[in-house]
Amino acid sequence: MELTRRDAVAALAAVGATGGVAVAARRSSDGDGRDDAEGTVGEGDPDGEGDAIPDEATVRAAMTAIATVVYPSEVDGVEEFVDGFLDGRLDGSARATELRAAVGDLDEAAHSWYDAPVAELSEADRDGLLREVGADTADENPDGTLAERVRYHVVNELLLALYASPTGGELVGLENPQGHPGGTESYRRGPR
Amino acid sequence: MSAGDANRDVDRSPVANANVCVVGAGPAGALVADRLAADHDVVVLDAGPRFDPADRLARQERAIRPSSDRPDVWDVGGERDAHANSGEWFYPLNHARVKGVGGSTLHWQGMVMRLHEDDFNSETERGVGPDWPIDYADLRPYYAEAEKELGVAGASDNPYAPPREEPHPMPAFEPSYSDSLFAEACEELGIDMHSVPNARNSEAYDDRSACVGYGTCQPVCPAGAKYDATVHVDRAEERGATVIDRAPVQRLEHDADRVTAAVYATPDGEEHRQTADAFVVACGGVETPRLLLLSESDRYPDGLANSSGTVGKFFMDHLFAGVGGTLDEPTRQNHVGFYTSACDQFYDEADESVGPFKLEFFNYAGPSPVEQALTGDDWGDDLLARLRDGYGTHVAMGGLVEQLPRADSYVGLDPDRTDDRGNPVPEIHWNVGDRALRTIERANEVQRAVLEALGAEIEWVAGPDATGPAYHHMGTTRMSADPDAGVVDADCRTHDLDNCWIASSSVFPTSGAMNPTLTIAALALRVADDVRERL
Ligand SMILES: Cc1cc2nc3c(=O)[nH]c(=O)nc-3n(C[C@H](O)[C@H](O)[C@H](O)COP(=O)(O)OP(=O)(O)OC[C@H]3O[C@@H](n4cnc5c(N)ncnc54)[C@H](O)[C@@H]3O)c2cc1C
Ligand code: SF4
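Residues numbered from 1 in each chain as written. Chains lettered and ligands numbered in written order. Predicted model: local features only at pLDDT ≥ 70, side-chain atom pairs only at ≥ 80, totals over all residues. Heavy atoms only, no water.

An unreviewed UniProt entry lists chain B under the name Glucose-methanol-choline oxidoreductase, with Halorubrum lipolyticum DSM 21995 as the source organism. For chain B, the Sequence similarities (unreviewed entry) comment in UniProt is given as "Belongs to the GMC oxidoreductase family." The Cofactor (unreviewed entry) comment attached to chain B in UniProt states, word for word, "FAD". (UniProt positions renumbered as here; feature names shortened; annotations may be inferred.)

An unreviewed UniProt entry lists chain A under the name Tat (Twin-arginine translocation) pathway signal sequence, with Halorubrum lipolyticum DSM 21995 given as the organism.

Residue and element names in this part refer to chain B. Every residue close to ligand 2 is listed here: Arg-200, Cys-211, Val-212, Gly-213, Tyr-214, Gly-215, Thr-216, Cys-217, Cys-221, Ala-223, Lys-226 and Phe-338. Given that more than half its atoms are within 2 Å of the pocket grid, ligand 2 belongs to the largest cavity. Residues belonging to the shell around ligand 2 are distributed by class as follows: seven nonpolar, three polar and two charged. (Near = heavy atom within 4 Å. 1 Å grid on protein atoms, 1.4 Å probe; cavity = no way out; pocket = protein on both sides within 12 Å on 5 of 7 lines; lining within 4 Å. Sits in = over half its atoms within 2 Å of the grid points. Nonpolar A, V, L, I, M, F, W, Y, C, P; charged D, E, K, R; others polar.)

At the junction of the two partners, chain B supplies 61 residues and chain A supplies 62 residues. Both faces combined, the contact of chain B with chain A buries some 5400 Å², and carbon together with sulfur accounts for 52% of it. Sorting the residues of chain B by area buried against chain A places Arg65(B), Arg332(B) and Trp379(B) first, and these three jointly supply 16% of that buried surface. Taken together, the connections running from chain B to chain A amount to six salt bridges. Glu61(B) serves as the salt-bridge partner of Arg89(A), at 3.0 Å between the closest nitrogen and oxygen. Joining chain B to chain A, the criterion identifies 28 residue pairs in polar contact (both at pLDDT 80 or more). (Contact = heavy atoms within 4.5 Å. Buried area = accessible area lost by both parts, 1.4 Å probe. Salt bridge = Lys/Arg side-chain N within 4 Å of Asp/Glu carboxyl O. Polar contact = N/O pair within 3.5 Å; in protein donor to acceptor, adjacent residues only side chain to side chain.)

Bringing the packing of aromatic side chains into the picture now. By the definition in use, this model includes 16 aromatic pairs over all chains. Summarising the aromatic geometry, the rings of Tyr187(A) and Phe338(B) are spaced 6.2 Å apart at their centres and angled 65° between planes, so their arrangement reads as edge-to-face. Residue Tyr187(A) is located in the segment after helix 7 (166-172), and its partner Phe338(B) is located in the loop between strand 13 (322-326) and strand 14 (341-343); the two belong to separate chains. For the pair formed by Tyr187(A) and Phe338(B), the shared burial category is buried. Of note, Arg65(B) hangs over the ring of Tyr152(A), and the distance from its end group to the ring centre comes to 3.8 Å. The residue whose ring lies beneath Arg299(B) is Tyr300(B), and the NZ or CZ to ring-centre distance is 4.5 Å. (Phe/Tyr/Trp six-rings, centres within 6.5 Å; stacked < 30°, edge-to-face > 60°. Helix = DSSP H or I, 4+ residues; strand = E, 2+ residues; numbered from the N terminus. Buried < 20%, exposed > 50% of the residue type's maximum accessible area, 1.4 Å probe, protein only. Lys NZ or Arg CZ within 6 Å of the ring centre and 35° of its normal.)

All names here are of chain B. Relative to the helices and strands, Tyr-364 is located in the loop between strand 15 (357-361) and helix 9 (369-373). The partly exposed category is assigned to Tyr-364, whose relative accessible area is 22%. Between the alpha carbons of Tyr-364 and His-394 there is a distance of 8.5 Å; along the sequence they are 30 residues apart. Once residues within four sequence positions are removed from consideration, Tyr-364 is found in contact with Gln-109, Gln-333, Asn-334, Val-336, Gly-337, Phe-338 and Tyr-339. Among the polar contacts listed, one links the side chain of Tyr-364 to the side chain of Gln-109, at a separation of 3.5 Å.

Once that is clear, we can look at the site of ligand 1. Residue and element names in this part refer to chain B. Close contacts around ligand 1 come from 38 residues, with Asp-46, Ser-104, Met-111, Val-249 and Thr-517 the closest. With respect to ligand 1, the backbone of Ala-28 contributes an N or O atom lying 3.0 Å from an oxygen atom. In the environment of ligand 1, an oxygen atom lies 2.8 Å from a nitrogen or oxygen atom belonging to the backbone of Gly-100. Of the residues contributing to the shell around ligand 1, the split by class is 18 nonpolar, 16 polar and four charged.

A few words on unusual backbone geometry. All names here are of chain B. Here Asp-75, not a glycine, exhibits a phi torsion of approximately 60°, which is positive. Residue position: Asp-75 is located in the loop between helix 3 (70-73) and strand 3 (84-85). With a phi angle near 60°, Phe-314 is a residue other than glycine that sits in the positive phi range.

All names here are of chain B. In the predicted model, chain B carries a mean pLDDT of 96, and 99% of its residues have values of at least 70. This stretch, residues 1-6, has a pLDDT under 50; its non-local contacts, to residues over four places away or in other chains, come to ten contacts. Reported confidence for the predicted complex is 0.92 by ipTM and 0.95 by pTM. (pLDDT = per-residue confidence, 0-100.)

Moving on, we get to helix 3 (residues 78-89) of chain A. Helix length check: helix 3 of chain A, at twelve residues, gives a terminal C-alpha distance of 16 Å against a target of 16 Å (1.5 Å per residue), a fit within 8%. Turning to helix 3 of chain A, its buried residues are Val78(A), Phe81(A), Val82(A), Gly84(A), Phe85(A), Leu86(A), Gly88(A) and Arg89(A). Turning to helix 3 of chain A, the residues buried within the fold contact helix 1 (5-15), helix 2 (56-70), helix 4 (94-114) and helix 6 (146-163) of chain A together with helix 2 (56-64) of chain B. (Expected span 1.5 Å × (residues − 1).)

Another aspect to go through is the packing of helix 1 of chain A against helix 3 of chain A. All names here are of chain A. Two numbers describe how helix 1 lies on helix 3: the axes approach to 8 Å, and their chain directions differ by 35°. Crossing hand, helix 1 versus helix 3: right-handed. Contacts from Arg-5, Asp-7, Ala-8, Ala-11, Leu-12 and Val-15 of helix 1 reach helix 3 at Glu-80, Phe-81, Asp-83, Gly-84, Phe-85, Asp-87, Gly-88 and Arg-89. Among the residues forming the contact of helix 1 with helix 3, the class breakdown is six nonpolar, two polar and six charged. (Axes fitted to C-alpha atoms, helices over the stretch in contact; angles between N-to-C directions. Left-handed = near helix turned anticlockwise from the far one by under 90°.)

Within the secondary structure, Gln178(A) is located in the segment after helix 7. One polar contact links the side chain of Gln178(A) to the main-chain carbonyl oxygen of Gly215(B), over a distance of 3.4 Å. Side-chain polar atoms of Gln178(A) contact the side chain of Ser368(B), separated by 2.8 Å. Setting aside its immediate chain neighbours within four residues, Gln178(A) contacts Ala164(A), Ile64(B), Tyr214(B), Gly215(B), Thr216(B), Asn334(B), Ser368(B), Val370(B) and Glu371(B).

Okay, the sheet that holds strand 7 (residues 242-244) of chain B next. Residues and elements named next belong to chain B. If you trace the five strands from one edge of the open sheet to the other, you get 7-2-1-11-20, paired in parallel fashion. Two strands close off the open sheet at either side, each with one partner strand: strand 7 and strand 20 (500-502). In this sheet, neighbouring strand axes are inclined to one another by 15° on average, regardless of whether the strands run parallel or antiparallel. Sheet analysis places strand 11 (residues 278-281) next to strand 20, joined by three bridges and oriented parallel. In the sheet register, Val-280 faces strand 20, and the bridge partner there is Trp-501. (Pairing = 2+ DSSP bridges.)

Written out as structure tokens, the structure reads:
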């Protein structure tokens, strides 16, 4: 299935450009403590890593490289889609900076373990890298550990873009997925 | 940027010579303010912030992302919203409300039914609970007005609905594909399906867009197609009302028979006094009794307006009953976030031992693929296989049942814990009683029969052991003609204080099984009329 720039625009329409409300995982602490969760807000650089914020080209290349791993093999047009999506998301907001920092840290890990940036790794190594940093089992957290931040800003960012877009939804059989303003016809239609 | 920091320079000083002070900017307070603003000086105080409409997509992302809990979507929680639970039944209060301009309708689902005629006469007709001091006929014209104000899409195809004089302001949403599957099963069983009124635009209404199918109605509609009370707050302001956000009222100052001022706090740590000729308390079913209890004085040592001793008592919510499963064919769920068909056929069979209940046919059974995609340790082809496996064949029915008012179900003050301003937090002591549990069982029976007729494999049942609240807070300042038996009279004016009204489901003597907000809106419009008449 072909992803297009229009899908990227649709994905952005679903989740918006980043700006807006702070995304820090704000946890409610209810009266009886049952809703309490760890939710420690990092001091900007929780791991002591990520000193260097990579340039935009590096971020785009790394995100596209990761997308080819986390997206199913039957989608084409990944680069164009990711590029289009990042056009909206890399908007200079604090959150975009956090995204770039997470990619920078992942790239750093790639350099130290594989001697090459993410974008130059084989698909198997990219997959291995994500698992070695722990992004497969981590719960997403925009300002948590490296694993949690990679899960939030890289893996889930890309999965959200795909599966909130009509083409991504259609892969599952749902052409108007949650988050996509796909109108009020599709819920009435039967299976095709 | 958090919503609160956006308007640090806002003037939050009191309004001189105000006629009406409304406490709370949810639908109840907003409707009262809007009605009175053109002819009176109205000031509205709300505990929470004004949320920037531009942030709604980001809030939607919070709703989808697993790192945010539901209360996070509208910044609920923390010391401001601390509370205690002491009843037999746990009550997740911060999932059940929003503080800020628009109130809990920012998060709500937007289903808006009228109560049935018998709901106003429970003791007479069903042998349990008190009768209301007003009837359906008293509220009927206000229901029609409320439907226009909120913008309700509905149809007159429901033979079990109470009588109405005119069509809904917008046509009902068409039934879903899964409704058509249910229809066959229901027909076989002699069960009637009909449309359901939605406070959601089936076409453009009142300068607001038609529904565009984001599918995240609860907890946020980025399109503004779902009604929320910012509609009436904005309009009240256009008509001259002053709305002060982040201004939690700490107590109501009073003499023997009048409220004299609402004392509110502001973010800078100051306290201010808002005086007015009339006060309308519209803080929702938990904070309304809390504010009255916090306003105790030598004259009213048990809390303001509490000569009857019923402030905070008789806390009720509706309980959820549901059954879900899968078919061996596609069911096309999760395109939109609301339901389009219901069944009120069994509602008026209610008696002493089984309460009224209503049934809903879901359009959002089973997991949402995008939410599923963000959890789990797989990606790529494995993830897609899991999503395909999880999506596609789910069906479910839900329903709400009535809970009776009970002396052992109440909202009080926790003496041991205080909020961010040093006030005792609300203590929720929730008990539901056996009749509600029997009603859930009865609803499950019907739901199970429908799913079986549909050929579904049943996978879950929300029965008496797995039920939960619908987030409708009722009963805590009940209405009664007798000053010894209730907090407000039939006009929703407190028995104790001549210039104080309560606009909230807290005045409901019994709850019925219909979502409360249309009734709250109708009562609020009626309160506005009464305030105007007496000013
Ligand atoms: C998830 C969810 C789904 C729902 N779905 C439905 C539905 O489908 N249909 C339906 O009918 N109802 C539904 N409801 C319930 C509905 O939202 C409420 O009935 C309705 O919002 C109540 O209106 P209100 O104005 O009385 O109170 P609220 O909307 O709760 O507003 C009260 C306001 O008062 C303010 N306040 C509180 N204390 C103070 C104080 N001391 N000083 C100043 N301000 C104060 C609060 O900040 C808040 O803004 C739902 C609720 C939730 C949470
Ligand atoms: S489906 Fe719900 S969230 Fe989406 S536009 Fe309609 S009302 Fe709003």
